[in-house]
Amino acid sequence: MRRITRKQLIGLVILAVLAAAAIITRLLIYRGSDDSLIWSWPESGIAELRRTSIAVAAIAGVSLAVSGVLLQALLRNPLASPFILGISSGAALGVMTAVYVGHLMGRSAAGGGAHPLPALAGALTALCIVYLLGQRRGWLDPLSLVLVGVVVSAICGALIMFLQHLAPHGLRSDLVTWMMGYIHPDVPAALLIATGATALLGLAAGMALGRAMDAGTLEDDEARSIGLAIGPLRLVMFLLAGVLTSAAVALAGPIGFVGLIAPHAARLLLGPRHAVLVAGAALVGVVLLVGGDATCQVINVSGGRMPVGVFTALVGGPAFIWLLRSGRGRA
Amino acid sequence: MNVRLEHLGHRYGAVEALRDVTAEARAGNITAIVGPNASGKSTLIRGIIGAIRPQWGAAFIDNLPVASMSARQLARRAAYVPQRSVVAAAFTVREVVELGRYALPRDVARIEEALARLELTDLAARPYPALSVGQQQRVTMARALAQLPERGLLVLDEPTAAMDLRHAERCMKLLREIADAGGAVVVAMHDLSMAALWADEAWLLDDGRLAASGPAEEVLAPDRLEAVFGVGFERVGDSEGRFRLLASSPRA
């Protein structure tokens with residue numbers, strides 16, 4: 001199970017070409033001042049903004065996709081996604097709290113922009129709670145993780161609603177915009193570098209864990225009997241998936257379905273071996289989010305472009321149902 | 001490789017699954033673990049492979065305490081075949097068998113040999129989930145064979161439960177070959193007749209206790225089995241000196 005097959009190599013090349021095409025398309029496409037769609041090489045200032053957008057989308061796409069593979073393996077559930085652990089709800093609560101506290105202290109809302117630090121703080125807090133409560137006999141237990149994740153999501157959801165109830169209308173719209181998931185063209189360079197490094201390290205670590213994740217597809221007793229230390233592996237996978245998801249949420253908000261669909265799309269093309277799957281899913285993540293962001297430039301709706309989170313949900317939802325009904329939603 | 005159990009005991013919550021089990025399985029032998037449902041067979045197996053930390057006593061493989069071994073150290077001494085193997089990925093048969101070499105250097109010849117011994121070579125490229133339960137059980141056996149070190153310990157939990165008669169017979173012959181080559185085989189079995197036919201030694205469990213252990217011919221005595229199972233047994237010998245057990249109606 002160590003060599004890459006010819007079929008897998010061709011699949012990876014296809015995905016790399018699609019990712020490159022998505023990046024080039026996003027770089028070239030924009031709307032003019034009269035709202036017409038223009039295809040051309042952008043001027044330097046515009047190009048800078050567009051490169052940032054591409055970087056944000058690529059980093060979020062890779063992070064969510066790799067996190068999706070890790071969580072589907074960790075929870076032994078092909079329908080698991082990065083937000084199953086309550087991370088997005090925790091991040092949303094962090095943002096809502098920051099916005100509301102800012103309002104109480106007389107600061108104006110950020111106007112629908114990114115809230116990386118509150119999002120990160122909320123996501124990591126949720127992750128810690130799920131980690132502490134998701135253990136059984138001293139090790140992380142997949143079923144406990146899912147149940148605790150659902151409960152943490154529900155509690156965060158209730159607290160968000162309570163804060164929304166207390167907050168004036170303008171503040172609510174700020175949070176709603178953030179919740180849609182948005183590719184921002186003006187993200188601070190430090191955040192971009194930190195999340196980019198996290199995504200690359202996560203990708204490399206995910207690929208390195210590939211053989212262990214293959215072995216982890218066996219039941220616990222059997223996996224241990226072939227030499228896999230399943231407890232430590234689960235801990236590493238959980239932390240890696242949690243940090244990657246937190247980074248993606250801090251960067252672009254809670255963008256749904258990428259972490260669910262990217263692993264499945266890669267699996268259809270490359271098969272179930274995890275080392276190759278992680279690399280393939282990362283490329284699919286880039287295609288989905290950079291391509292999705294480019295598509296959102298084309299879809300002009302009143303009040304601005306369609307948020308990419310709405311686009312991925314509209315594409316991902318039917319794809320998810322197709323996976324379920326066709327029986328392809330298997331690992 | 002010898003297995004020694006010293007006063008092994010384990011409890012799941014309020015249920016005492018194993019009580020003070022002391023026994024030994026020697027290299028070169030097939031040791032059958034028999035007993036009614038919930039008598040502690042699977043817990044005993046899990047104690048031997050280090051899947052549980054027994055609350056009392058200890059299991060030893062070649063005088064080394066199992067509890068002190070890492071998963072990797074254990075995998076280099078023993079292989080395990082569960083009652084039913086679930087693989088949460090659509091691997092091919094060959095890929096599942098290759099998992100047996102996870103903690104060991106890659107050895108293509110061993111993998112091909114394991115596939116051939118379980119008559120799986122023609123199915124090697126088939127997806128594992130598409131196989132019947134009996135075929136999957138043979139794949140699990142092949143995975144364990146690809147892992148099993150020379151003169152190592154093979155621990156099996158009801159390996160033939162889902163197999164047809166021909167493959168069950170083939171499986172037991174394989175266990176005989178492994179034992180004859182100096183390996184130790186410990187196998188939990190429901191089929192007492194098959195245990196009587198193939199086992200050298202037997203451990204009879206009753207409600208978590210070891211009711212008897214020793215040569216299979218002595219342990220699998222009809223009166224002893226009747227006391228544990230509540231069913232009458234008859235013993236039938238064959239021309240090769242082996243014997244079978246036939247269940248009859250409970251004696252009044």
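Residues numbered from 1 in each chain as written. Chains lettered and ligands numbered in written order. Predicted model: local features only at pLDDT ≥ 70, side-chain atom pairs only at ≥ 80, totals over all residues. Heavy atoms only, no water.

Engineer: When you look at the overall build of chain B in this model, what are you seeing that I'm missing?
Structural biologist: Along its length, chain B carries nine helices and twelve strands. Computed over C-alpha atoms, the radius of gyration of chain B comes to 18 Å, within 12% of the 18 Å expected from 2.2 N^0.38 for 252 residues, which places it in the range of a compact globule. Principal-axis analysis of the C-alpha atoms places the extent of chain B at approximately 55 × 40 × 35 Å. Taking all 252 residues of chain B together, the buried fraction comes to 54%. A fraction of 64% describes how many contacts in chain B between residues 6 or more apart in sequence connect residues 24 or more apart. With an accessible surface of roughly 10600 Å², chain B has 49% of that area assigned to carbon and sulfur atoms. (Helix = DSSP H or I, 4+ residues; strand = E, 2+ residues; numbered from the N terminus. Rg over C-alpha atoms; globule rule 2.2 N^0.38 Å. Buried < 20%, exposed > 50% of the residue type's maximum accessible area, 1.4 Å probe, protein only. Contact = heavy atoms within 4.5 Å. Areas by Shrake-Rupley, 256 points an atom, 1.4 Å probe, with all protein chains shown as cover.)

Engineer: Is there a simple way to explain the confidence of the model for chain A in this structure?
Structural biologist: Interpreting fine coordinate detail is not advised for predicted regions of low pLDDT. In this model, chain A carries a mean pLDDT of 86, and residues with pLDDT of at least 70 account for 94%. Here strand 6 (residues 304-305) of chain A is the element of chain A with the lowest mean pLDDT, 68, and helix 8 (residues 210-215) of chain A is the one with the highest, 96. (pLDDT = per-residue confidence, 0-100.)

Engineer: Teacher, can you tell me more about the packing of aromatic side chains here?
Structural biologist: Any pair of aromatic rings gets described here by the distance separating the centres and the angle formed by the planes. Residues and elements named next belong to chain B. One pass over the full model with this rule turns up two aromatic pairs over all chains. Ring geometry for Phe-229 and Phe-233: centres 6.1 Å apart, planes at 75°, overall edge-to-face. By relative accessible area, which is 23% here, Phe-229 ends up partly exposed. (Phe/Tyr/Trp six-rings, centres within 6.5 Å; stacked < 30°, edge-to-face > 60°.)

Engineer: Hey, could you run me through the state of the cysteines in this one?
Structural biologist: Note on terminology: a disulfide is the covalent bond linking the sulfur atoms of two cysteines. Counted according to the given criterion, the structure contains zero disulfides over all chains. Cys128(A) takes part in no disulfide bond, and the closest cysteine sulfur to it belongs to Cys156(A), at a distance of 13 Å. (Disulfide = S-S within 2.5 Å.)

Engineer: How do you make sense of the packing of helix 1 (residues 6-28) of chain A against helix 12 (residues 274-298) of chain A when you look at a structure like this?
Structural biologist: Relative orientation and spacing of two packed helices are given, respectively, by the angle between their axes and the distance between those axes. Residue and element names in this part refer to chain A. Contact pair helix 1 / helix 12: the axes reach a minimum separation of 8 Å and the direction vectors enclose 25°. Accordingly, the angle class assigned to the pair helix 1 and helix 12 is roughly parallel. In the packing of helix 1 onto helix 12, the handedness of the crossing is left-handed. On the side of helix 1, the interface is formed by Gln-8, Leu-12, Leu-15, Ala-16, Leu-18, Ala-19, Ala-22, Ile-23, Thr-25 and Arg-26, while helix 12 contributes Val-276, Ala-279, Gly-280, Leu-283, Val-284, Val-286, Val-287, Val-290, Gly-291, Asp-293, Ala-294 and Gln-297. Looking at the contact of helix 1 with helix 12 residue by residue, the classes come out as 15 nonpolar, five polar and two charged. (Axes fitted to C-alpha atoms, helices over the stretch in contact; angles between N-to-C directions. Parallel < 35°, antiparallel > 145°, perpendicular 65-115°, else oblique. Left-handed = near helix turned anticlockwise from the far one by under 90°. Nonpolar A, V, L, I, M, F, W, Y, C, P; charged D, E, K, R; others polar.)

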